[in-house]
Amino acid sequence: MKAHDGIYLDGAWRPAASQDVIEVVDPADEQVIARVPAGGAEDVDAAVRAARAALPGWAATPPAERAARLGALRDVLEARKDEIAETVTAELGSPLAFSQAVHAAVPIAVAGSYAELAATHSFEAKVGNSTVYEEPVGVVGAITPWNYPLHQIVAKVAPSLAAGCTVVLKPAEDTPLTAQLFAEAVHEAGVPAGVFNLVTGLGPVAGQALAEHPGVDLVSFTGSTAVGRRIAATAGAAVKKVALELGGKSANVILPSADLARAVNVGVANVMSNSGQTCSAWTRMLVHRDRYEEAVALAATAAAKYGDRIGPVVSAKQQARVRSYIEKGIAEGARLIAGGPESPRERGYFIAPTVFADVTPEMTIAQEEIFGPVLSILRYDDEDDALRIANGTVYGLAGAVWAGDETEAVAFARRMDTGQVDINGGRFNPRAPFGGYKQSGVGRELGAHGLAEYLQTKSLQF
């Protein structure tokens, strides 16, 4: 797609007040492929004012009409799915097949789920002598990351629109072209002017201005825990609602009764997916000591298959970050069984699929989110030891449990301090709540729980 040289404001593309620009780089070949505005505080203010002006009309729009606009948005995204996939591949570096199957298909499904939910959800209920109404929280400031650029946008904007909120979106500076394509789709779907607004820009400038703006009622952020803390502090000072989807260090627990080969192969695939740039990736594989070396051998074989199947990480900065963690793992005594810090290609921000064995729970690579194709394999003695290790980080976003008996797996999963657990390779469900415990965030995305984040309640007593 051709990049827009303006911001999407009040239903039209308009010049940004800021003259600064962001260069969009293809991480596979390090070439600049586009330039977009680096909007500033003045642009954010204009977008928030447009959203506030549109709020009364959109909040009063019947849910059936809001559902119709979301259905139209879903249809536009479906019609442009090939363009979406090509755009994500160009600015994120994701292999085209993965962009088609995940980066394009999943947000289309999520948009469709909110079209259905807006049409069927009851926004009022009788409770004794009271009538309880669910009303839009107001103007939403949505700040989204680069790793799943369209999915993260849709996961915030779709429930906002279903609830009757208006939105100002500040997408990640690494992947602004996908956000511009989404704005085109919103326009084509007939969403009224001002209901959705887009300001491309840098996080410390446009993102900070959006989080601090007094005209924003809720800040919905997905990204690092460190930035999430700052946003929460800023919002807290204004007693402003936040929804935060933050970091993860998820455990893939393989119980002794599990099909080990399947559990290891699926676990490696999970970590290598999207070049490891997934907050919910199962980056810690926990294996009973009696089957540990067998699992290590299986993981090394599985990782070798991904050498030319994964794309680059998003940027030179991210490549350097991942390399530093791999070097730290080696320095702290972990056994490198696949990959390493050296780039497998002369050009592009590539990282070799990397697997560490003999990782202990206190090692840096077992505690901190790396956000690259790096797997740590840890051994445990018994189920209580496995649970201690699984729960032994500040995060609690996702995880997996494998066992020969599903009941055994469920019993273990119920003891994990994490927001979502896949049992024996359970499939992704776009209607199930997604979000974390502990420092992995506040609130939930997707489905009815995601819609609830953008609603507030009012009760009338009779």
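Residues numbered from 1 in each chain as written. Predicted model: local features only at pLDDT ≥ 70, side-chain atom pairs only at ≥ 80, totals over all residues. Heavy atoms only, no water.

K.L.:
Would you mind going over the sheet that holds strand β22 (residues 455-461) with me for this structure?
P.N.:
The strands making up a sheet are joined through hydrogen bonds of the backbone, oriented either antiparallel or parallel. One open sheet holds the three strands; their spatial order is β5-β6-β22, and the pairing between them is antiparallel. Each having just a single partner strand, β5 (124-127) and β22 make up the two edges of the open sheet. Taking each pair of neighbouring strands and ignoring which way they run, the sheet shows an average axis angle of 25°. (Pairing = 2+ DSSP bridges. Helix = DSSP H or I, 4+ residues; strand = E, 2+ residues; numbered from the N terminus. Axes fitted to C-alpha atoms, helices over the stretch in contact; angles between N-to-C directions.)

K.L.:
Looking at this model, I keep getting lost on the side chain of E369. Mind explaining?
P.N.:
Tracing the sequence through the fold places E369 in the loop between α12 (364-367) and β16 (374-380). Look at E369: it is buried, it has no salt bridge, and the nearest opposite charge is R321 at 5.3 Å. Here the side chain of E369 touches G248 through a polar contact of 3.1 Å, landing on its backbone nitrogen. (Buried < 20%, exposed > 50% of the residue type's maximum accessible area, 1.4 Å probe, protein only. Lys, Arg positive; Asp, Glu negative; His and termini not counted. Salt bridge = Lys/Arg side-chain N within 4 Å of Asp/Glu carboxyl O. Polar contact = N/O pair within 3.5 Å; in protein donor to acceptor, adjacent residues only side chain to side chain.)

K.L.:
So what exactly am I meant to see when it comes to the UniProt feature "domain: Aldehyde dehydrogenase" (unreviewed entry) in the chain here?
P.N.:
Listed under "domain: Aldehyde dehydrogenase" (unreviewed entry) in the UniProt record, and renumbered for this structure, are residues 13-459. Along residues 13-459, the helical share is 43% and the strand share 20%, with 40 Å between the first and last C-alpha atoms. (UniProt positions renumbered as here; feature names shortened; annotations may be inferred.)

K.L.:
Sorry if this is basic, but what is going on with the sheet that holds strand β18 (residues 399-402) here?
P.N.:
In space, the seven strands of this open sheet follow the order β14-β15-β16-β13-β12-β18-β19, with mixed pairing throughout. Of all strands in the sheet, those bounded by a partner on one side alone are β14 (335-338) and β19 (422-423). Lying on the sheet, helix α9 (residues 260-272) is in contact with β12 (251-254), β13 (284-288), β15 (354-357), β16 and β18; it crosses β12 at an angle near 170°. (Contact = heavy atoms within 4.5 Å.)

K.L.:
Before we go on, may I ask you to explain the pattern of salt bridges in this structure?
P.N.:
Pairing is possible between side chains of opposite charge, provided their charged atoms come close. This model, assessed by the stated rule, comprises 22 salt bridges. A salt bridge links D75 to R74; its shortest N-O distance comes to 3.5 Å. On the basis of relative accessible area, R74 is assigned to the partly exposed category, the value being 27%.

K.L.:
Is there a simple way to explain the packing of aromatic side chains in this structure?
P.N.:
Two measures describe an aromatic ring pair: the distance that separates the ring centres and the angle between the ring planes. All told, the structure shown has four aromatic pairs when counted by the stated rule. Site record: aromatic cluster; members linked through ring pairs are Y8, W13, F182 and F196. Over the ring of F123 we find R66, and its NZ or CZ is 5.5 Å from the ring centre. One residue, K126, lies across the ring of F462, its end atom 5.3 Å from the ring centre. (Phe/Tyr/Trp six-rings, centres within 6.5 Å; stacked < 30°, edge-to-face > 60°. Lys NZ or Arg CZ within 6 Å of the ring centre and 35° of its normal.)

K.L.:
Please explain the packing of helix α3 (residues 81-92) against helix α4 (residues 96-120) as it appears in this structure.
P.N.:
A pair of packed helices is captured by two measures, namely the crossing angle of their axes and the spacing between those axes. Relative to each other, α3 and α4 sit at 120°, their axes nearing to 8 Å. By the criterion of interaxial angle, the relationship of α3 to α4 is oblique. Crossing angle aside, the handedness with which α3 passes α4 is right-handed. Residue-level contacts link K81, I84, A85, E86, V88, T89 and L92 of α3 to L96, S99, Q100, H103, A104 and I108 of α4. (Parallel < 35°, antiparallel > 145°, perpendicular 65-115°, else oblique. Left-handed = near helix turned anticlockwise from the far one by under 90°.)

K.L.:
Quick question: what am I supposed to make of the UniProt feature "active site" (unreviewed entry) in the chain here?
P.N.:
The UniProt entry lists E245 under the feature "active site" (unreviewed entry), expressed in the numbering used here. In this structure, E245 sits in strand β11 (residues 241-245). According to the relative accessible area criterion, E245 is buried, its value standing at 4%. The residues contacting E245, other than those within four sequence positions of it, are Q152, F221, T222, G223, C279, L397, F434, S440 and E445.

K.L.:
Help me out: how do you make sense of unusual backbone geometry in this one?
P.N.:
Phi is positive for V239, close to 50°, though the residue is something other than glycine. In this structure, V239 sits in the loop between α8 (225-237) and β11. For L446, which is not a glycine, the phi torsion comes out positive at approximately 75°. Inspection of the secondary structure assignment puts L446 in the loop between β21 (441-442) and α15 (447-452). Under the relative-accessibility criterion, L446 is labelled buried at 3%.

K.L.:
Got a minute to help me understand α9 in this structure?
P.N.:
Taking 1.5 Å per residue as the helical rise, α9 with its 13 residues ought to reach 18 Å, and the 18 Å between its terminal C-alpha atoms agrees with that figure. Taken residue by residue, α9 has L260, A263, V264, G267, V268, V271 and M272 as its buried positions. Down the axis of α9, the buried set is contained in an arc of 155°. They therefore lie on one face. The inward-facing, buried residues of α9 abut β12, β13, α10 (292-304), β15, β16 and β18. After α9 finishes, the residue N274 shows a positive phi value of roughly 55°. (Expected span 1.5 Å × (residues − 1). Arc of directions from axis to C-beta.)

K.L.:
Would you take a moment to explain α8 for this structure?
P.N.:
The α-helix advances 3.6 residues per turn, and as a result positions three or four apart in sequence lie on the same side. If you check α8, its first and last C-alpha atoms are 18 Å apart, about what 13 residues at 1.5 Å a residue would give, namely 18 Å. For α8, the set of buried residues is T225, G228, I231 and A235. The buried residues of α8 occupy one face: seen down the axis, they fall within an arc of 115°. Structural note: α8 exposes R230, A233 and A237 on the side pointing more than 90 degrees away from its buried face. Tucked into the core, α8 has its buried residues touching β7 (139-143), α7 (203-212), β10 (218-222), β11 and β17 (395-396).

K.L.:
Honestly, the nonpolar core in this entry has me stumped. Any pointers?
P.N.:
Looking at soluble globular proteins, one finds that nonpolar side chains tend to be buried together. One finds L70, L77, F182 and F196 to be the most contacted residues of the largest nonpolar core, which totals 60 residues. Among residues more than four places away in sequence, those in contact with F182 are L73, L77, L150, I153, V154, V157 and F196. (Core = buried A, V, L, I, M, F, W, Y, C linked by side-chain atoms within 4.5 Å.)

K.L.:
Mind showing me how you'd approach the packing of α9 against α10 here?
P.N.:
Relative orientation of the contacting elements α9 and α10 amounts to 45°, with a least axis distance of 9 Å. By the criterion of interaxial angle, the relationship of α9 to α10 is oblique. In the packing of α9 onto α10, the handedness of the crossing is right-handed. Of α10, the residues touching α9 (which contributes L260, A261, V264, N265 and V268) are E294, A295, L298, A299, A302 and A303. Here the residues of the contact of α9 with α10 are counted per class, giving nine nonpolar, one polar and one charged. (Nonpolar A, V, L, I, M, F, W, Y, C, P; charged D, E, K, R; others polar.)

K.L.:
Before we go on, may I ask you to explain the environment of A237 in this structure?
P.N.:
Among the secondary structure elements, A237 is positioned in helix α8. A residue is classified by how much of its surface remains accessible, and A237, at 73% relative accessible area, is exposed. In this structure the C-alpha to C-alpha distance between A237 and E212, which are 25 residues apart in sequence, comes to 9.4 Å.

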